[in-house]
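Here are the chains, one letter per residue:
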Amino acid sequence: MKVADIKKFKVAELRSRLADLGLDTRGLKAELVDRLWSASQAAQALEKATLLQNDSTQTPSKPNQTVSSSPSTVNLVAAPSHPDTATQTEPGPRAHQVGPVTDFLAEDGGLGHVESPVSQDTGRGRAFYEFKEEIRYKRVKSPQPLQEREGTEKHGGDKVQLDPHAHHLHFDLSPDGSCGQPRFWDQFPLLWSGCRLSHGVRQGSVGFEVRLERTLLSMEREDREVREPYGLRVGWSVADSSLLLGEDGLSFAYDGCSKKVSGGKEEDYGERLSEGDIVGCYASLSADGTVELFFHKNGRSMGGAFSLGSSVLSGRPLFPHILCRSCSVRLLLDPAAPQWYPGPMGFTPLAALPAAQRVCSTSTPTTRAQCEVVMMVGLPGSGKTFWAQNHMKQHPEKKFTLLGTEELLACMISGGQAEGRLQQASQCLTELIKIAAETPGNYILDQCNVLISARRHKLQLFAGFRRRVVVVFPLENEWKRRLSQHRLKDGGNIPETALLKLQVSCSLPEPQADLLEELQYVELSQERAQILLKEYQDNAHRLLPPVPRQEKKKPRFYKKRRLHHRLPLPQRIWWTGSYGWNDTRMKMQQPRYWSTPYQDYGY
């Protein structure tokens, strides 16, 4: 189905078709058109892949996370005051001839697709969908200053609760901190959302209980979106491990699909979980450092799950941890409330444990002035993610949250097509950036951020934070090497035409006091990077085909209709008396366009 055909549908019909596909039906017509067109393209790509698989024996390579291994040299550039550039447009004197934005914009002004070589390519990579999301900011008004969230973002002292500083931004906590669910379960049902508790334990026999409150997906969407309509993992992890419970070497989970998971490895264990089931999670931490973990389902023991030697944790505390998808959960954290099911003999609920025996998680920034946001800027494959990950390792005390497409793809552990996951991750990232601007913390925005409008909008959202922009711009040969490495390892191919248009639209940031506090160019200095970018843009202009000018519509000349000068209906009075139309003494002829008095009225 072509995009021109989809645009002919009315809004009600678009929403009906999206509902049949199990997709979100909210938004303007341009967004609905874009969503339906993307779904049709994904279906066509799947059919094409199926045909190719049947015709040949080649198997597609599995996408992996890209890693760039090039040392970076830091070149700090001072950030003097700079005149306001609120009216600044996308740079490049000839950029309007290529039209990288108009190729992605629909006729009605919203985001859409056009019939072009870029939109017909399959296997589009992460940069393609990130650039699509950046284009949205060209028509977005400047954001209003955001207020900090209060109440739910503060620790409750010694109260055991779901930690508001140790959870995914797409995990929604209740005000009392005892229950939660994925924030975008309806829009992005493939997304797993996790959270740790605010307190852990180093020694003793403790436990906690979790109830699977309800599943959130409807039966109509279960078969279309994913094989498993919902998912739940409960268990334990250390404070600096991944929020994806069970995917890290030091996190240990009981999966509701009758599995136990640690380090990404699954083994058969226990029984399947369904709505209303209660899971008891118990840990026995002895004085010599050994740990025994086991689980109960509705009061029945599932047997021993994990046995850890003294060298595994090395004295680090274990924290209760949950991870869920398309379901809501509730934890029993009231120390005065009776247990849902009696625990093993000698085990104490974590919430009822004396405060001296619990370990509280470390604090994080609580005001916007204490928070920092780092915005990465660079072309696809230039090494932004590699730099960001190294920066997080060098500053573990800041507890940076990396907001990027790769991080969200990692949260889609199973199910869904690769193309659909990429698109969902890019769209979800746009929403998470808005939430991050309202939530105190330290963040790294791992995107291309090559458009002035996108950078300005995001930096304005984080007003009050310490805003730092890091530009990764390597030499041409090094960039091509990293880009080819990215394509080989990640498996996502960026269309050549889209990459050229991205270069044409690219602009490098300059010091600007009203938007950022620090500007840093990595590898190449600002002057050399600007010169190299100009070469990229000139080369892209030569390689890209010229955009045909739209011819003006010829005025339509309507054929003049012959008008009969008839009297208005109320004035057409048929006389029947003396000297009327029917009186022969008047010798008057009846008008030609009137037949009989009664025939004209339909009698």
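Residues numbered from 1 in each chain as written. Predicted model: local features only at pLDDT ≥ 70, side-chain atom pairs only at ≥ 80, totals over all residues. Heavy atoms only, no water.

Under an unreviewed UniProt entry, the name given to the chain is Heterogeneous nuclear ribonucleoprotein U-like 2, and the organism recorded is Nothobranchius rachovii. UniProt annotates the chain under Subcellular location (unreviewed entry) with the comment "Nucleus". (UniProt positions renumbered as here; feature names shortened; annotations may be inferred.)

### Description of the pairing of strand E13 (residues 291-297)
Burial analysis of E13 places six of its seven residues in the buried class, the great majority of the element. Alignment of strand E12 (residues 278-285) against E13, held across seven bridges, turns out to be antiparallel. Bridge pairing in E13 places Ser284 opposite Glu292. Counted along the chain from E12 to the antiparallel partner E13, the turn is five residues long, and its residue Gly289 has a positive phi close to 100°. (Buried < 20%, exposed > 50% of the residue type's maximum accessible area, 1.4 Å probe, protein only. Helix = DSSP H or I, 4+ residues; strand = E, 2+ residues; numbered from the N terminus. Pairing = 2+ DSSP bridges.)

### Digging into the sheet that holds strand E15 (residues 319-325)
What the seven strands build is an open sheet, ordered E2-E5-E15-E8-E9-E10-E11; its pairing is antiparallel. What marks the edges here is a single partner per strand, and that holds for strand E2 (162-167) and strand E11 (265-272). Averaged over all pairs of adjacent strands, the angle between their axes in this sheet comes to 30°, without regard to strand direction. (Axes fitted to C-alpha atoms, helices over the stretch in contact; angles between N-to-C directions.)

### Some words on the pattern of salt bridges
Scanning the model with the defined rule gives 24 salt bridges in all. The partner of Glu271 in a salt bridge is Lys297, and the shortest N-O contact between them spans 3.3 Å. Separated by 26 residues along the polypeptide, Glu271 in strand E11 and Lys297 in strand E13 bring together distant segments of the chain. Overall, the relative accessible area of 30% leaves Glu271 in the partly exposed class. In this structure, the salt-bridge partner of Glu518 is Arg466, at a minimum N-O distance of 2.6 Å. Of this pair, Glu518 sits in strand E23 (residues 518-523) while Arg466 sits in strand E22 (residues 466-473), placing them 52 residues apart in sequence. A residue is classified by how much of its surface remains accessible, and Arg466, at 38% relative accessible area, is partly exposed. When salt bridges that share partners are traced, they join Glu372, Lys398, Arg466, Arg468 and Glu518 into one network. (Salt bridge = Lys/Arg side-chain N within 4 Å of Asp/Glu carboxyl O.)

### Structural notes on the packing of aromatic side chains
Under the defined criterion, the tally for this structure stands at 13 aromatic pairs. Relative to Phe306, the ring of Phe252 has its centre 5.4 Å away and its plane inclined at 55°; by these criteria the two rings are tilted. Pair noted here: Phe252 is in strand E9 (residues 251-255) and Phe306 is in strand E14 (residues 300-308), with a separation of 54 residues, a long-range link. As far as the burial class goes, Phe252 and Phe306 line up, both buried. (Phe/Tyr/Trp six-rings, centres within 6.5 Å; stacked < 30°, edge-to-face > 60°.)

### Remarks on unusual backbone geometry
Located in the positive-phi region is Ser326, a residue other than glycine, with phi close to 55°. As for its position among the elements, Ser326 is in the loop between E15 and strand E16 (327-331).

### Overview of the pairing of E14
Of the strand pairs in this sheet, E13 and E14 are connected by six bridges, and their pairing is antiparallel. Paired with Val291 across the strands is Leu308, a residue of E14. Where E13 folds back onto E14 in an antiparallel hairpin, the turn is made up of two residues, including Asn298, whose phi is positive at roughly 50°.

### Focus on the UniProt feature "domain: SAP" (unreviewed entry) in the chain
Taking the numbering used here, the UniProt-annotated feature "domain: SAP" (unreviewed entry) corresponds to residues 6-40. Note that residues 6-40 is 69% helix and 0% strand, and that its end C-alpha atoms are spaced 10 Å apart.

### Concerning the nonpolar core
In this structure, Leu403, Tyr443, Phe462, Val469, Val471, Phe473 and Leu508 are the most contacted members of the largest nonpolar core, which totals 56 residues. Per-element tally for this core: the top contributor is helix H11 (residues 418-438), with eight residues. Both domain 1 (166-217 + 227-360) and domain 2 (368-543) contribute no fewer than three residues apiece to this core. Discounting residues that sit within four places of it in the chain, Tyr443 has contacts with Leu169, Glu372, Val373, Val374, Phe400, Thr401, Leu403, Ala436, Phe462 and Phe465. Listed in part, the 42 residues of the second largest apolar core include Leu173, Leu212, Leu232 and Val234. (Core = buried A, V, L, I, M, F, W, Y, C linked by side-chain atoms within 4.5 Å. Domains from an automatic or database assignment. Contact = heavy atoms within 4.5 Å.)

### Brief notes about the confidence of the model for the chain
Confidence in the prediction for the chain averages 76 pLDDT; 68% of positions are at 70 or higher. Across residues 219-223, where pLDDT falls below 50, the model places five contacts with residues more than four positions away in sequence or in other chains. (pLDDT = per-residue confidence, 0-100.)

### Points about helix H15 (residues 526-543)
Between its terminal C-alpha atoms H15 stretches 26 Å, which fits the 26 Å expected from 18 residues at 1.5 Å a residue. For H15, the set of buried residues is Gln526, Ala529, Leu532, Leu533, Tyr536, Gln537, Ala540 and His541. (Expected span 1.5 Å × (residues − 1).)

### Overview of the environment of Arg330
The residue Arg330 is located in strand E16 in this model. Take Arg330: its relative accessible area is 27%, and that puts it in the partly exposed class. Sequence spacing of Arg330 and Arg211 is 119 residues, and the spatial spacing of their C-alpha atoms is 5.2 Å. Once residues lying within four places of it in the same chain are set aside, the contact partners of Arg330 are Ser178, Cys179, Glu209, Val210, Arg211, Glu213 and Trp340.

### Some details on the environment of Ser274
Within the secondary structure, Ser274 is located in the loop between E11 and E12. It is 7.8 Å that separates the C-alpha atoms of Ser274 and Gly256, two residues lying 18 residues apart in sequence. Excluding residues that lie within four positions of it along the chain, Ser274 makes contacts with Leu212 and Tyr230.

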